[in-house]
Amino acid sequence: MRILIHKSSKKLNKWLAHHIVRKIKKAQNKSDKPYVLGLPTGSSPEGVYKELVKLYKAGKISFKNVITFNMDEYVGIPEDHPQSYHYFMKYHLFDHIDIPKENIHILDGNAKDLKEECKSFENKIVAVGGIDLFLGGIGPDGHIAFNEPASSLSSRTRVKTLTYDTIEANSRFFDNDISKVPTTALTVGVGTVMDARELVIIIKGYKKARALQKVVEDGVNHMWTVSMLQLHRYGTICCDDDSTMELKVGTVKYFKDIEAKAINNLPVIDI
């Protein structure tokens, strides 16, 4: 497991966007096969998406041969609702790049048969040859997507009942009215995420510090579902200084020392 500790969120966003673009370009130079990305929503990836849009507008990358799969979606709210993840992705990324609409895959929280929708989503991932790079964020309790504490570490895409803590936390996006927050969602499973050939987790800010400590310094634990990253062959955590406040000094020094070159030398994106 790699841990890249950036001095600021801004530097993290830029480094990670360049990393993603470099991976896409490298793959496309070798094959006509579409590059497959797994994508999250929430505050963690917003800055990365902004940097990706900048690189696209600068002519550094095309997304015409990229396929995406998003992590999750609420059940029962319209796709054009400001808090739907369909809306989020269009607003922050898809409306600003040249990705074909048919290459975008987001779970349908209004499907007639939600279980079938989840099964179909898994089958679509398999049909395109799996996910090359899955980008993820985490909650303060160490969950990824809607795989909240105590979720199965081998879980697949499924319907998930949300905990009260999640509903209460998300009420800030729904006029602070807890009654407006959906109580269920569709989410990829931990096992679905772990199947990706590369997994990169974004962790920012002091509020995520305890989760980072649990994920890095403790063992694999279903109460901190992102801890499964420890078992991934190509798993990376991109974090900022603020999020490392609960790590041991020795842990921080070790990873800063061995990754100094990767942090300080931003990859050059060739046109």
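Scroll up for the structure.
Below: a short report on this structure.

Rules behind the numbers
Residues numbered from 1 in each chain as written. Predicted model: local features only at pLDDT ≥ 70, side-chain atom pairs only at ≥ 80, totals over all residues. Heavy atoms only, no water. Buried < 20%, exposed > 50% of the residue type's maximum accessible area, 1.4 Å probe, protein only. Helix = DSSP H or I, 4+ residues; strand = E, 2+ residues; numbered from the N terminus. Pairing = 2+ DSSP bridges. Right-handed = clockwise from strand over helix to strand, strands pointing away. Axes fitted to C-alpha atoms, helices over the stretch in contact; angles between N-to-C directions. Parallel < 35°, antiparallel > 145°, perpendicular 65-115°, else oblique. Contact = heavy atoms within 4.5 Å. Nonpolar A, V, L, I, M, F, W, Y, C, P; charged D, E, K, R; others polar. Expected span 1.5 Å × (residues − 1). Salt bridge = Lys/Arg side-chain N within 4 Å of Asp/Glu carboxyl O. Polar contact = N/O pair within 3.5 Å; in protein donor to acceptor, adjacent residues only side chain to side chain.

## Remarks on the pairing of strand β9 (residues 198-203)
Item 1. In terms of burial, β9 is largely enclosed, as six of its six residues are buried.
Item 2. Neither face of β9 is left uncovered, since the one carrying Glu 198, Val 200 and Ile 202 and the one carrying Leu 199, Ile 201 and Ile 203 both have all their residues buried.
Item 3. As paired elements, strand β6 (residues 133-137) and β9 share five bridges and run parallel to each other. Its bridge partner being in β9, Phe 134 is matched across the sheet by Leu 199.
Item 4. The pairing of β9 with strand β10 (residues 235-240) spans five bridges and is parallel. Looking at β10, one finds that Ile 202 is bridged to Cys 238.
Item 5. Assessed by its sense of winding, the connection that carries the chain from β9 through helix α7 (residues 209-217) to β10 is right-handed.

## Topic: the packing of helix α2 (residues 46-57) against helix α3 (residues 85-92)
Item 1. For the pair α2 and α3, interaxial distance at closest approach is 10 Å and the crossing angle is 40°. Considering the angle they form, α2 stands oblique to α3. Mapping the contact onto sequence places Glu 46, Tyr 49 and Val 53 in α2 and Phe 88, Met 89 and His 92 in α3.
Item 2. Within the contact of α2 with α3, the residues separate by chemical class into four nonpolar, one polar and one charged.

## Focus: helix α1 (residues 9-30)
Item 1. Along its 22 residues, α1 runs 32 Å from first to last C-alpha, staying within 8% of the 32 Å computed at 1.5 Å per residue.
Item 2. Residues of α1 that are buried include every one of Leu 12, Asn 13, Trp 15, Leu 16, Ala 17, His 18, His 19, Ile 20, Val 21 and Ile 24, and no others.

## A word on the sheet that holds strand β5 (residues 104-105)
Item 1. Pairing within the open sheet is parallel, and its seven strands lie in the order β1-β10-β9-β6-β2-β3-β5. The two strands at the open ends of the sheet, each matched to only one other strand, are β1 (2-6) and β5.
Item 2. Here strand β3 (residues 66-70) runs beside β5; their pairing, made up of two bridges, is parallel. Within β5, the residue paired with Phe 69 across the bridge is His 105.
Item 3. Against the sheet, helix α4 (residues 114-127) engages β3 and β5, with an angle of about 150° to β3.

## Focus: the pattern of salt bridges
Any two side chains of opposite charge can pair, so long as their charged atoms come close to each other.
Item 1. Under the definition given, this model contains 13 salt bridges.
Item 2. The shortest N-O distance in the salt bridge between Lys 33 and Asp 132 comes to 3.9 Å. Here Asp 132 lies in the loop between α4 and β6 and Lys 33 lies in the loop between α1 and β2 (35-39), a separation of 99 residues in the sequence.
Item 3. Look at Lys 33 and you get partly exposed, because its relative accessible area is 36%.
Item 4. For Lys 253, the salt bridge identified is with Asp 257, shortest N-O distance 3.0 Å. Taken as a pair, Lys 253 and Asp 257 lie in helix α8 (residues 249-258) at a separation of four residues, close to a single helical turn.

## Here we look at the side chain of Glu 122
Item 1. One can find Glu 122 in helix α4.
Item 2. Within the structure, Glu 122 has its side chain in polar contact with the side chain of Arg 156 (distance 3.1 Å).
Item 3. Filtering out sequence-adjacent residues up to four positions away, Glu 122 remains in contact with Arg 156, Thr 157 and Thr 192.

## Quick look at the sheet that holds strand β7 (residues 158-161)
Item 1. With antiparallel pairing, three strands are arranged side by side in an open sheet as β4-β8-β7. Of all the strands in the sheet, just β4 (72-74) and β7 have a single pairing partner and so form its edges. In this sheet, neighbouring strand axes are inclined to one another by 25° on average, regardless of whether the strands run parallel or antiparallel.
Item 2. By the bridge criterion, three bridges tie β4 to strand β8 (residues 184-187) in an arrangement that is antiparallel. Each bridged residue has a counterpart across the sheet, and for Glu 73 the counterpart in β8 is Leu 186.
Item 3. Lying on the sheet, α4 is in contact with β7 and β8; it crosses β7 at an angle near 125°.

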